[in-house]
Structures are given as C-alpha cells and as structure tokens.
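Examination of the molecular architecture
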Amino acid sequence: MNRARMLATASVLALLGAGAQAGEVRMMWYSDGIEGEVMQDLLNRFMEENPDINVTLDNVAYQVIMEQLPIQLASGEGPDIARVTNLKEQAEHWLDLTDYVEDPEYWRTNFGDQFDWMRPDDSDIIPGFMTQLTLTGGFANATLFEQAGVAMPGEGATWEEWVEAATQVQESQQTAGAFSIDRSGHRITGPMISYGANLVGEDGKPAPLDDAAKAFITQLVQWTDEGKNLRDVWVSAAGTTYIPGADEFINANIPLYYSGSWQIANLSTKIGDAFDWVAIGSPCGDAGCTGLPGGAALVGIKYTQNPEDVGKVMDFLAREDIVKEFSERTLFLPAHKGVVEAGGLNFQTEDPSAKAALEAFVGFTGTIMPEANAMPAWRYANAVYGGMVNRISQAMAGEMAVEDIFARIDSDIAEQVAAADQTK
Amino acid sequence: MRPATSAGAVVTAPLRWLARATDVPLSAWQRLTGQRGMIALFLLPNMAIFGIFVLVPLVINLLYSTTGGTEFFLSDRPQVGADHYARLLDCGNYLDPNSCRDDMFWIAVSNTARFVFFQVAVMTLAALITALILNRALPGKGFWRAVFFFPVLLSPVVVGLIWKWILQRQGLANLFMVELGLEPVNWLTDRLWAFVAAVGVSVWAHMGFYTLILLAGLQAIPRDLYEAAEMDGTRPFRVFWRITLPLLMPNLLVVIVLSLIRAVQIFDEAYVLTGGGPGTSTMFMTQYIYEVGFANLLRNPGLAAAASILMACVLIVLTLLQLYLSRRSGAK
C-alpha cells in the first residue's frame, strides 16, 4: 500500500470512528464569566491523571444550551456531558450515573439534596451534580447612593422602600432608571412569592394567578410606566427571550439591579474599581423576603457511547477538593454538602465587593421560603416562567392594559401545560 | 517535432476524459429511453436535492402540524388532527387579534401585513429613484452602484447588529442628537419608531438588489424613444410617465413580487435589531414560528408547524403570482 492510500484509509477510519471512539468525551459548556477557563484547566489535570481519556470542552453560547441542545437530545444525539440550567424539563435525557461512578453513596450524600431538581418525578437516578447553587437577589451601587446622599434601606426593607430609595438616587444622579430586573419569569417569581403568591395548584399544576401575584405584576408595570424600572430591558423583545440588566448596572445607568448570585464574578470583572457595589438580597413583600434558588448542573447524557469514561470525568469533577477549587476560582456558591459544611472557602478575588457579596449570598439562603425552594423541582415551573414574560412586556409596552394580561397569562400557561402533557 | 501542449488543453483534459467515459452509458440510456429519458436523467440530481431538502421536510412538517406534545420524533407524538389549525384560526374578529384564541399568531400576521405593505412600497420607490439616478451620466457611476449594492452582501445578522449599535438608547444616533442639542429618541423601545426602524433597516439592506434589476430594465429601454421625446419637447415628468414607467413595468412587477415574498419571510435582521419588541410591535410571522417551535421554555413544535404551513400557503400564492407575471412579461 503506498503512502497516499495509507493516509486516505487512516483518514476515513478516523472520520468513521470520530463520533464514538473509546476514551473520547465531549463536554458542552457555557460560561457566565471565567468558569470555562477554570473547567479547561481542571480537565487538563484530569487528562494528565487519565491519559487514556481525552475530554474535549466545547464552549458554546448559553443560547445554544437553551435552543440547540434540546433538539440534539430529542434526536438521541448530543455531547457526552453538558452544563445545563433547564434541569427538570429535559430530565429524561440524563444518564443515570449510579453504575458508572465509583461511590454512588458519596454522590447521594453530597449532592442528593438537588437530585430532584434534575431527575424525573419519583426517580432515584444520579443524573449529575450542580456546578453551582444560585440564589436570585439584588445589588446596589453604593457609590451612587452615597453621592446622592440617600441611605440604603436596611435588612427587612420592602420592594417599595428599595424602589423609593433608588428613585431618589435616580433623580439626584440623573440615571436612566431607578432599577432593573432581568427579563425572565424566573427572576420575578421570587418577588411574587415574597408578596404571598401561590403558583402551584392543589393538583400540582399551575394555579391561576392569585391576588398577590397580580399585585406584584401590577406594581412592576406601574414602576415601568413611571420610568423607575428601566424600560429597555423588558420592553426590547417579544416572546420569552432572556435579557439581563447587568450591563445597565455595570454602566451605572441604574443604582439598583435584581438578578442573582451568578452575576458576582461578572460584576466584579467588569466594574473593577469603577464604583462600590453591595449585594442586598431580596427585598421583602407581605409574606417574606425570598429569592429563588437554582443553578447550573453538569449532567451526563444518556446517549453517550462511553458511559464509563463519562463516569470517571464526573467522579473527578465532583471530588471535594476539585469542587472547592472550582468554586473558589469561579466565585460560585458550591452545592457540595461536604464543601459547604467544612467552610473556609477562600474565594480568589481581590475585589472586596465581590468577597462581601459572596458571603452575603451565603447568608441570604436563610431567607428562602419553602414555596421558593420547591420551584426548581416543579416540572411546570418553566411553563409559568415563560407564560408571564411576554404578557408583562406587552403591558409595559402599552399594548395591553395590565388587568387584561392576567387572563391571557393564565390561558397561555394552561395551553402550555396541556401541550406538555399530551403524550402518545 | 511535436507541438507544445497548450495550457487550455491541459485544463480540459480531465473533462474530455470524463466525456469519453460517460459517452457509452449515456448513449445506451438515450437509445433505451429517448430524449425524454435524457431530460429526466439530467434533471434527476437537482430534483433529488429539491426532494430531500424541500419536499420531504414539507411533508414531515405537514405531518408534524397534525401532532401534539413536546416530543420531537413523529413516532412519539400523539395525533391531534386539525387542532392546531383550529386554535390558530379561532377568532371572533380576524382584524382584532385580542379576540383570537392565539392572539400572538394574529399579532404576528397583522405586523407582517403592515411590514410587507410599508417595506415593499418604500423599497420599490427608493429602488426606482436610485435606479433612475444611477442610470444618468454621473461621475463615479460604478462607485455609486457599488455603494448601494454593498449592504446586500452583508449577513442579515451583521445588518441587525450594526443598526442596533446605531439606534440603541446610548447608540450613535442619539449621541449625534445630543451633540446637536436635541432630545434623544427611544428608537428601539418606542412602538412606532421600532417599527419604522425595522422597515428602514430592511429597505437599506435589500434595496441594492432591486435597484440593479430596475437599472437593467432602464438600460434596456431604447434610447431613440427618449431622443424622439426630446425632439418633441416633452417635459421630463411626462417622459417618465409615458415612456420609462410603462416600459419598466415588467421589471417593476418582478421587483414588487420578489420583495413581497422576501418581506413576508422577514426574520433575521428584525429579530437581531428589535427582538420583536417593544412588546410585540415588531414580532413577525417567522419569529412567532421560531419562538413557539424552538425558543420558548416549553416548545410546541406542532403548533409552529401548523403556523408555518399557513405561512407557506401565502408564499405559494405569491410565488405563483411571480411565475405568472414572469411568463406574461416573457410572452410579450
């Protein structure tokens, strides 16, 4: 066989085998901040320890995880491991790692509290682990408050008090808005529950919006009409498109921003020493001051050809020392029970604002209401989140009166639930 | 002494070899099936590609539109008959989206209809005026033609992003307005301005292509007609009305129909520019289908498929109109 023919044969064999070579693991990953670099570093270390396994990290945009990965999964394709946030809806596609990890009990002990968030109801599989726990909450631009001579409301302050204070800062400092909440149904659910909303019906399906839910939505739309809630974030899209308000806060266009703990690294990196900022937790309503817990998980995909190798990679990344290092370098709150209980996390940042915010968010977990804690494991949560966003945007844009959107939200959610429940 | 082999002969050698190699089977095929068989054979590759990438997906889409649930495989999806069509077409008053069961679909239809009307009208007029100007003996005529055609070469996503940077709250447009002492405008968060921006950007992006079609039509008009009109002392407006416009009409009709088809399909640049907002002011049909089928947290591919079939019906009518007009102008 001459050289050219040998090369051609080798190429064809390589192409044919590329999808499922033993020792090949592909991980689909998105980043909010620097976690992609940290993960690559950890994987390099894993490959040094396990030279027979090659892990390829595919860094993709979050939109790919939300829009393209589901289609790949539905067709029985996809990566071997993926970092996802839509945990419950796609639970049927996750690989049960029980037979592939070294010590399933270690997994159940340290990550078991969140397994129900990412596995089908009544299932006992080990689907993966949370790369970080998140909690929704607010941030305030301390410098703007100080320059305006406005005192920041203290612990237990209500949404109204925070918005009032932020409005005084807006007027004094001529900022574009007083505050912003990310355009996301998930983000406004915490405040709605704080107002006393009950989103889950007796049959476990979404309940029609109650007075408390309507009260917060009405208030939010009114704040938008009055120019307090920065209009651009919610109004500049249709559908359920997620739009964060982080850039507005980073550019000091608003003194108050409601998002979540995952923004800490982003704010720290982009704000630098431009101004001082603090985490304020979740302002209160009549029922409480809750944020909504959640996070991103690393899951094995059940269509993998190399489940043993996937198990080894997952075992490595779930190790206590690795989880600790990952959390410290990425500034994420860890989900590993052992790491949390041991304490002593040394978050690697020189930014005092970021350090203080991380510590503050650990404290805010004590204010999570049971109704909020149940949301990540509720299979209809996404139907509720998605059903609200578009209609609230319509009310903010002036297309519909706020009292008219409630019936539409209820019917949209009901249609979505009915569609989701249709099975063959 | 043998003559040196020319470069052309070297280049065409493989083709000549291929022609010789295929000559025998093709001749045999022609003897067997006649001229019709040869036509079919040459059409086969194109028809196969068309079938695989257009007809088969169309049939699958049609089947999809009669199924429900969130599963992607047809075999896993329950049959719901015409439920999705019934939901989309269930309206108290088709002119009032709020009276419809799926009001978002009818908002998208209404927005698309308004967009098509304004975009086609403005673009045809702008392309016509530009073509008339470029048809004159201008200095640097080639440069100006390139300037107007350049946006056509850009990716729609790039077009959307460029204009978003210009029109957003702290964008270039407002920077200039503030510099001039004017109040900044919410180009993308005011319902009217956002719609105007979507139409304007689309016109800017596609006008060059239609200008070229009209320019070709203008250059095909015999010069002696203009010379005769000039000798008669006909006024320029009358020349345009009586000579240019009637003779340009076939090209103009093609431009109108092609731009109609393109406008009904509007998605990418408008989606990047406004995301369909503010509210749903610039949410068009294709975005509705995309949102329902792919972007929503709970997807409904069956409903999206039904909406796309309804949209395909509109496009088929427009395409038939274009074919009819093309044939009619060809016959003349």
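Residue indices begin from 1 for each chain and proceed along its sequence in written order. The lettering of chains begins at A and the numbering of ligands begins at 1, in the order of writing. Reporting in this predicted model follows two pLDDT cut-offs: at least 70 for local features of residues, and 80 or more for side-chain atom pairs to be given and counted; totals over whole chains, interfaces and linings ignore these cut-offs and use all residues. Side-chain descriptors were evaluated using all non-hydrogen atoms of the structure, hydrogens and water having been removed beforehand.

Right, let's get into the overall build of chain A. Of regular secondary structure, chain A possesses 18 helices and 8 strands. In this setup the radius of gyration rests on C-alpha atoms only. A globule is expected at 2.2 Å times the number of residues raised to 0.38. Since a compact globule built from 424 residues should have a radius of gyration of about 22 Å, the 23 Å found for chain A is in line with a globular shape. By principal-axis analysis of the C-alpha atoms, chain A measures approximately 80 × 55 × 45 Å. Residues counted as buried form 58% of the 424 residues belonging to chain A. By the convention used here, residues are in contact when the closest approach between their heavy atoms is within 4.5 Å. Counting only contacts in chain A whose residues sit at least 6 apart along the sequence, the fraction spanning at least 24 positions is 74%. Total accessible area on chain A stands at roughly 17000 Å², and carbon and sulfur atoms take up 49% of it. Under the convention used here, Asp and Glu are negative, Lys and Arg are positive, and both His and the chain ends fall outside the count. Here the site of a charge means NZ on Lys, CZ on Arg, CG on Asp, or CD on Glu. Chain A carries 26 positive and 62 negative side-chain charges, and their two centres are separated by 7 Å. Helix and strand definitions follow DSSP, with helices as H or I runs of at least four residues and strands as E runs of at least two, each counted in order from the N terminus. A 1.4 Å probe rolled over the protein chains alone gives each residue an accessible area, and that area as a share of the maximum for its type sets the label: buried under 20%, exposed over 50%, partly exposed in between. Note on areas: Shrake-Rupley with a 1.4 Å probe; residue coverage comes only from the protein chains shown.

Right, let's get into the side chain of Thr 134 of chain A. Residues and elements named next belong to chain A. Take Thr 134: it is sitting in strand S4 (residues 128-141). By relative accessible area, Thr 134 is classed as buried at 10%. Polar contacts involving the side chain of Thr 134 include one to the main-chain amide nitrogen of Gly 295, which spans 3.0 Å. Beyond its immediate chain neighbours, meaning those up to four positions away, Thr 134 contacts Ser 261, Trp 262, Leu 292, Pro 293, Gly 294 and Gly 295. Side-chain atoms alone can form a polar contact between residues adjacent in sequence; in general such a contact is a pair of N or O atoms within 3.5 Å, and within protein one must be able to donate a hydrogen while the other accepts it.

Another point: the nonpolar core. Burial of nonpolar side chains together is a common tendency in soluble globular proteins. By size, the foremost hydrophobic cluster in this structure holds 85 residues, and its most contacted members are Met 192, Ile 217, Trp 277 and Ile 392 of chain A. For this core, the element with the highest residue contribution is helix H17 (residues 381-397) of chain A, accounting for 10 residues. Setting aside anything within four residues of it in sequence, one finds Trp 277 of chain A in contact with Phe 139, Ala 140, Ala 142, Phe 249, Ile 264, Leu 267, Ser 268, Ile 271, Asp 351, Ser 353, Ala 354 and Ala 357 of chain A. For our purposes a nonpolar core is just a set of buried Ala, Val, Leu, Ile, Met, Phe, Trp, Tyr and Cys residues, chained together by side-chain atoms within 4.5 Å. Trp 106, Ile 107, Ala 127 and Phe 195 of chain B belong to the second largest nonpolar core, which has 58 residues in total.

Moving on: helix H7 (residues 185-194) of chain A. All names here are of chain A. Judged by how many residues are buried, H7 sits mostly within the fold: 10 of 10 residues are covered. Those residues of H7 that fall on the buried side of the exposure criterion are Gly 185, His 186, Arg 187, Ile 188, Thr 189, Gly 190, Pro 191, Met 192, Ile 193 and Ser 194. Of the residues that open H7, the one with a side-chain oxygen 3.1 Å from the backbone nitrogen of His 186 is Ser 184. Following H7 by one or two positions, Gly 196 adopts a phi angle in the positive range, close to 110°.

So, about the pattern of salt bridges. The salt bridge definition used is simple: a Lys or Arg side-chain nitrogen within 4 Å of an Asp or Glu carboxyl oxygen. One pass over the structure, following the stated rule, counts 26 salt bridges over all chains. Glu 415 of chain A is the partner of Arg 101 of chain B in a salt bridge, and the nearest nitrogen-oxygen pair spans 3.2 Å. Here the residue Arg 101 of chain B occupies a position in the loop between helix H2 (83-89) and helix H3 (103-134), and Glu 415 of chain A occupies one in helix H18 (residues 402-421), the pair thus bridging two chains.

Successive side chains on a regular strand alternate, one facing one side of the sheet and the next facing the other. Residue and element names in this part refer to chain A. In terms of burial, strand S6 (residues 256-260) is largely enclosed, as 5 of its 5 residues are buried. Where burial is concerned, the two faces of S6 agree: the one with Leu 256, Tyr 258 and Gly 260 and the one with Tyr 257 and Ser 259 are both buried. Only strands joined by at least two bridges in the DSSP assignment are considered to pair. Sheet topology note: the S4/S6 ladder contains 5 bridges and is antiparallel. Paired with Thr 136 across the strands is Gly 260, a residue of S6. Bridge count between strand S5 (residues 179-181) and S6: 3 bridges; the pairing is parallel. Along S6, the bridge assignment pairs Ser 180 with Tyr 257.

A word on a nonpolar patch on the surface. All names here are of chain B. Here, patches come from residues exposed beyond 30% relative accessible area and free of salt bridges, joined within 9 Å for like charges and within 5 Å for nonpolar side chains (Val, Leu, Ile, Met, Phe, Trp, Tyr). A contiguous nonpolar patch, built from Ile 39, Leu 43, Met 47, Ile 49, Phe 50, Ile 52, Phe 53, Val 54, Leu 55 and Leu 58 and spanning about 970 Å² of accessible area, is present on the exposed surface. Its location among the elements puts Ile 39 in helix H1 (residues 7-64). A relative accessible area of 47% places Ile 39 in the partly exposed class.

Okay, the interface of chain B and chain A next. Taken residue by residue, the interface counts 44 residues in chain B and 44 residues in chain A. Two parts placed together each lose some accessible area under a 1.4 Å probe, and adding up what both lose gives the buried area. Counting the surface chain B buries against chain A, the share from its top three residues, Arg 169, Leu 297 and Leu 298 of chain B, is 22%. Our count for the contact surface shared by chain B and chain A stands at 6 salt bridges. Linking chain B with chain A are 18 residue pairs in polar contact (both at pLDDT 80 or more), by the criterion used here. Elements represented by at least two residues in the side of chain B that touches chain A include exactly H3, helix H10 (268-274) and helix H11 (285-295) of chain B. Counting residues per element, the side of chain B that touches chain A draws most heavily on H11 of chain B, which supplies 5 residues.

Here we take up unusual backbone geometry. Most peptide bonds take the trans form, and the phi angle of most residues other than glycine is negative. Cis geometry is found at the peptide bond from Gly 277 of chain B to Pro 278 of chain B, where omega equals -5°. Within the secondary structure layout, Pro 278 of chain B lies in the loop between H10 and H11. One non-glycine residue with positive phi stands out, namely Gln 174 of chain A, at about 55°. Within the element layout of this structure, Gln 174 of chain A appears in the loop between helix H6 (159-173) and S5. Given a relative accessible area of 66%, Gln 174 of chain A falls into the exposed group. In the Ramachandran plot, Leu 331 of chain A falls in the positive-phi region, its phi being about 65° despite a non-glycine side chain. With respect to the secondary-structure elements, Leu 331 of chain A resides in the loop between helix H13 (320-330) and helix H14 (337-342). Here Leu 331 of chain A falls in the buried class, since its relative accessible area comes to 7%.

Next up on the list: the UniProt feature "domain: ABC transmembrane type-1" (unreviewed entry) in chain B. With numbering matched to this structure, UniProt assigns "domain: ABC transmembrane type-1" (unreviewed entry) to residues 109-322 of chain B. Across residues 109-322 of chain B one finds 78% helix and 0% strand; the C-alpha atoms that close the span lie 21 Å apart. UniProt positions are given in the numbering used here, feature names are shortened, and annotations may be inferred rather than shown by experiment.

Let us look at the state of the cysteines. Residue and element names in this part refer to chain A. Here, the term disulfide refers to a pair of cysteine sulfur atoms separated by no more than 2.5 Å. Per the counting criterion, the structure on display carries 2 disulfides over all chains. Disulfide pairing places Cys 284 opposite Cys 289 at an S-S distance of 1.9 Å. With the S-S bond torsion at 90°, the cross-link from Cys 284 to Cys 289 turns out right-handed. On the basis of relative accessibility, which here comes to 5%, the residue Cys 284 falls in the buried class.

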